[in-house]
Every structure is written in C-alpha cells, then in structure tokens.
Amino acid sequence: MPTVAGGGLVAVAAAIAVCVAALSGASGGASDQSAGRTSAASAGRAARSATPADPASPASLASTASTPSGTGKPHGRASGLKGGNPTRLVVPDVIASVPGGVTRADLARLRKIDGVRAVLAIDGARITVNGKQLTVLAAPEAAFRPWTPPTTASSAQVWSAFRAGQLITTKKAAAGAKLVNGSDYPVSAATSTRITEGGTALLGVAGVDGVVNAAEGSKLGLVRNVAVLVNAPAADVTTLAGQVRAALGASAKVVRLVPVRVSTQLPVDSTPPTGRPTSYLQLFQESAAQYCPGLSWTVLAAIGQIESADGQNMGPSTAGALGPMQFLPSTWKIWGITGFGDTGKPDIMNPFDAVPSAARLLCADGAATGGDGLRRAIFGYNHANWYVDEVLTLAAEYAREFG
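Everything in this summary refers to the structure shown in the same document. These figures come from a predicted structure and were not determined experimentally.

Description of the overall build of the chain
Point 1. Looking only at helices and strands, one finds 13 helices and eleven strands in the chain.
Point 2. Counting all 403 residues of the chain, 59% fall into the buried class.
Point 3. Considering only residue pairs separated by 6 or more positions, the chain has 73% of its internal contacts joining residues 24 or more positions apart.
Point 4. Accessible area of the chain: about 15,100 Å², with a carbon and sulfur share of 54%.

Written out as structure tokens, the structure reads:
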C-alpha cells in the first residue's frame, strides 16, 4: 500500500501489499460499483430472485414484507427474528491492483470478462494512528457493506460508528495501537488530525487494519482506487485471475481470495438451541438439526442470505419465486411444510415455514451425506455450478465466524 504521511504520498510498493487470507473483503468506491448479484431464474425446483435489489439502493436496506391476507402468521421483520443481514452479501473472488491505481477503463474491461457479476474499486493507504502504522481502507457504506463478512455486515453498532466517521479496526490492530472504543487519537496522514476509535470488527482481509467512510478517507488523503475486488462465482478462479491480469496489464498484481475447489467439509451442529428460534442464526441451526440431521446449518444460512438477504427481498422474482428462501409456488406445493409447531397451511412467506422446507428439500436430494451429495443438492436448489460454489464459499465464512 502507498503510505500517506506528512502531507505527501510515499509509494512503498507498486502493487497492493495486502495478503488476503479470508474470503470476504473490505472495499470502497461507490461510483464505480456494478450491480451486486444479478442472476437468471433457477431451472431447479427452487429459484432465487432474478432481479435482486441494488446494494447501493436504500430500498435494499429495509424490509417491505407484510402478512398476506388469509394467513395469521407473520413473516419478514414481523416474525420477530433478529440477526439477519440487511443486504445481499457479495463474495469477492480476486483482488487486483495496478501501479497508479485502477481506472474507470480498467473497471469497464473487468466487467466484460465472462462470469464477472460485480467489481468494486477500493481506496486506501498506510497511515499512522496513535503512533502505529495501520493499513486503512475507505468506502461509502452502501458500497462497502455487502462485501464484508456476515457478522460485520449485520452489525448495527459497527455501521453506526462507521457513518459517524469513526475508525473501525480489527482486534489485533486495536491492541497493537492501544486503541480504546470511543476514544480519540492523533492521526498522521495527508493532514494531521484526530480520529475516534469506533470499535472492532472482522474485516476479512489479512493486512487490512481498519476502515473509514468515504468522507473520512478523503479527509485523510487515502489513495483513490488503489485496488479492485472482483466477484465472478461462475468462473474457474485460476482462469479468472489470468483474465483479470490480462485486462489490467502485465504490471497488475492479482491475488485469489477463494480456493480453486470449494470444500464441502462444513460443521454439523449436534447441539443446536431448542425452542422456537428468536434469530435467523437459531432458525438456520434448528432447521438443519430438526428437518435434515447431518446438514450443516451454514448451508441454509448461505442460501437464505443469497436468496433474500435473510428476508429483506421477499420477491416475487421475475420467475415468480417468493419468500425468504425464494421458492417457486409450484415447488412450494410439493415441499412446503409448517415448521416449529405452527398449524394451518404452509406459508411460503413465513421464515418459520420456508427455512425448514428448504432443509427438507435439500435433504431429499442428499445434502446430509456431504461431499458430492451436498453439491448435487445445492445444484438441485438452483441449477448453476457458480451458485453451488457461492453457497459453499459463504457457508464456509459462516462456519469460520460462528464456529
């Protein structure tokens, strides 16, 4: 990363000096953001939304769900479930940088690569906070939030501090710089100023110590478009890395963020919470345990996030899919059940019915056997290999964060 200090830029590396160790990253540059996740209607028995909300749109941050006439069961926000993510998450597949920064022409070439669904330029630099050098990125919230790890994306506390112009750091960075939540510290960047430590969070990129909003990044003089994140779940990651390098030129540095082969080894929770779930986390855990023993709850969590951002986008999709797990009505007639002691007709819009029904559908296709059986079951949910890889990649992230 370039270093910003004493009113000027000192280039300490021609390429971004960030070694990525986790699958989700922090990013910025809202003006260059493409649509988050766009997808075709599923050819399988359940379908995801073909026109997901733009992550930059305020509409994507609020639920518009309501109780359908003729049913007495609430759904969406009204269900009382907590802990859902407010927007669809975007899983970055590679990060790239070029000397001098990523240009709009670079971004345009990246978007033309087959399988690329989203690109996001990021600002950043190394600055000194409380006498300690930290690598800090800057971004608008709407652009940055979907690319962060699940627990960070869903944290109201983190984003309240972020909007207030405070610095969000990793636990390691906060400890190293002796930063305490709520306290102000001197900053040496393009200008000398002070900044408030807004708390710690998972940022998902090894080597990145903190993030600030776009206005604060501009004040600090962070370098515009220092690198770019690329989301292309349909692509072979090795091939994608080569295509990104070709699009950006021979001087580009490209780092893969996900493994070439996504693992199907995911944890199975043998002791889930009991009783009626009160959060989406508990709903996914208990649905897997009760309705498909042997299925990792992280798979249900990933599907629920990808399909509807945990009930934020209930449809209908252009294919007619509905509810938090985006079932086609024809599929729902076969697989829809009432869950957790509910009575009456199964409600496609009710997460207490929809998530157990998804577990039941996946189980019938062999998801509880793991390995290739799990891959086939996810493919049956939505007939696309890229969808399978994206579900498994995001499931692995949930497993890392929640154990």
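There is more to say, and it comes next.
Some words on the pattern of salt bridges
Point 1. One pass over the structure, following the stated rule, counts eight salt bridges.
Point 2. Asp 106 is the salt-bridge partner of Arg 109, the closest N and O atoms lying 2.3 Å from each other. Placement of both Arg 109 and Asp 106 in helix H1 (residues 104–111) is noted, with a separation of three residues, approximately one turn of the helix.
Point 3. Owing to a relative accessible area of 38%, Arg 109 belongs among the partly exposed residues under this scheme.
Point 4. Residue Asp 106 is classed as buried on the basis of its relative accessible area, which comes to 7%.
Point 5. For Asp 342, the salt bridge identified is with Arg 276, shortest N-O distance 3.3 Å. Highlighted residues: Asp 342 in the loop between helix H10 (329–335) and helix H11 (351–364) and Arg 276 in the loop between strand E11 (253–256) and helix H8 (280–291), separated in sequence by 66 residues.

Quick word on the side chain of Asp 342
Point 1. The class of Asp 342 is buried, set by a relative accessible area of 17%.
Point 2. A distance of 3.3 Å separates polar atoms of two side chains, one belonging to Asp 342 and the other to Arg 276.

Quick look at the layout of surface pockets
Point 1. Approximately 540 Å³ is the volume found for the largest pocket.
Point 2. Of all the secondary-structure elements, those providing two or more residues to the lining of the largest pocket are strand E5 (132–139), helix H3 (150–153), helix H4 (156–163), helix H5 (171–176), strand E8 (192–200) and helix H13 (385–402).
Point 3. Looking at the lining of the largest pocket, the element that brings in the most residues is H5, giving four residues.
Point 4. A per-class count over the lining of the largest pocket returns eleven nonpolar, twelve polar and seven charged.

Notes on the packing of helix H12 (residues 371–381) against H13
Point 1. Relative to each other, H12 and H13 sit at 120°, their axes nearing to 9 Å. Between H12 and H13 lies a crossing of right-handed hand. Here Leu 374, Arg 375, Ile 378, Phe 379 and Tyr 381 of H12 come into contact with H13, specifically with Asn 385, Tyr 387, Val 388, Asp 389, Val 391 and Leu 392.
Point 2. Looking at side-chain class alone, the contact of H12 with H13 contains eight nonpolar, one polar and two charged residues.

As for the nonpolar core
Point 1. If you look at the biggest cluster of nonpolar residues, it comprises 50 residues, and the most contacted ones within it are Leu 295, Val 299, Leu 300, Met 325, Leu 362, Tyr 381 and Tyr 387.
Point 2. Elements represented by at least two residues in this core include exactly H8, helix H9 (297–308), H10, H11, H12 and H13.
Point 3. Top element by residues in this core is H13. It accounts for nine residues.
Point 4. Those residues in contact with Leu 362, other than ones at most four positions away along the chain, are Leu 295, Val 299, Leu 300, Ile 303, Ala 367, Ala 377, Ile 378 and Tyr 381.
Point 5. By size, the runner-up hydrophobic cluster in this structure holds 24 residues, among which are Leu 137, Phe 144, Ala 161 and Ile 168.

A closer look at the pairing of strand E10 (residues 223–231)
Point 1. Most of E10 sits inside the fold, with eight of its nine residues counted as buried.
Point 2. Across three bridges, strand E3 (residues 94–97) lies against E10 in antiparallel orientation. Within E10, the residue paired with Ile 95 across the bridge is Leu 229.
Point 3. Note: strand E4 (residues 118–129) against E10, six bridges, orientation antiparallel. Bridging from a neighbouring strand, Leu 120 pairs with Leu 229 of E10.

Points about unusual backbone geometry
Point 1. The amide bond that connects Gly 315 to the next residue, Pro 316, takes the cis arrangement and shows omega of 5°.
Point 2. Looking at where Pro 316 falls in the secondary structure, it is placed in the loop between H9 and H10.
Point 3. The phi angle at Lys 178 is positive, at roughly 55°, despite the residue not being glycine.
Point 4. Positive phi outside glycine occurs at Ala 309, with the angle close to 55°.
Point 5. Mapped onto the elements, Ala 309 comes out in the loop between H9 and H10.

Observations concerning the environment of Lys 178
Point 1. Turning to its location among the elements, Lys 178 is positioned in the loop between H5 and strand E7 (184–188).
Point 2. The sequence separation of Lys 178 and Val 129 amounts to 49 residues, and the corresponding C-alpha distance is 9.6 Å.
Point 3. Apart from residues no more than four positions distant in its own chain, Lys 178 is found in contact with Asn 130 and Tyr 185.

Side note on H12
Point 1. For H12, every residue scored as buried is listed here: Gly 373, Leu 374, Arg 375, Ala 377, Ile 378, Gly 380 and Tyr 381.
Point 2. Residues of H12 that are buried make contact with H9, H11 and H13.

What counts, and at which threshold
- Residues numbered from 1 in each chain as written.
- Predicted model: local features only at pLDDT ≥ 70, side-chain atom pairs only at ≥ 80, totals over all residues.
- Heavy atoms only, no water.
- Helix = DSSP H or I, 4+ residues; strand = E, 2+ residues; numbered from the N terminus.
- Buried < 20%, exposed > 50% of the residue type's maximum accessible area, 1.4 Å probe, protein only.
- Contact = heavy atoms within 4.5 Å.
- Areas by Shrake-Rupley, 256 points an atom, 1.4 Å probe, with all protein chains shown as cover.
- Salt bridge = Lys/Arg side-chain N within 4 Å of Asp/Glu carboxyl O.
- Polar contact = N/O pair within 3.5 Å; in protein donor to acceptor, adjacent residues only side chain to side chain.
- 1 Å grid on protein atoms, 1.4 Å probe; cavity = no way out; pocket = protein on both sides within 12 Å on 5 of 7 lines; lining within 4 Å.
- Points joined across faces, edges and corners; volume = space filled by probe spheres on them.
- Nonpolar A, V, L, I, M, F, W, Y, C, P; charged D, E, K, R; others polar.
- Axes fitted to C-alpha atoms, helices over the stretch in contact; angles between N-to-C directions.
- Left-handed = near helix turned anticlockwise from the far one by under 90°.
- Core = buried A, V, L, I, M, F, W, Y, C linked by side-chain atoms within 4.5 Å.
- Pairing = 2+ DSSP bridges.

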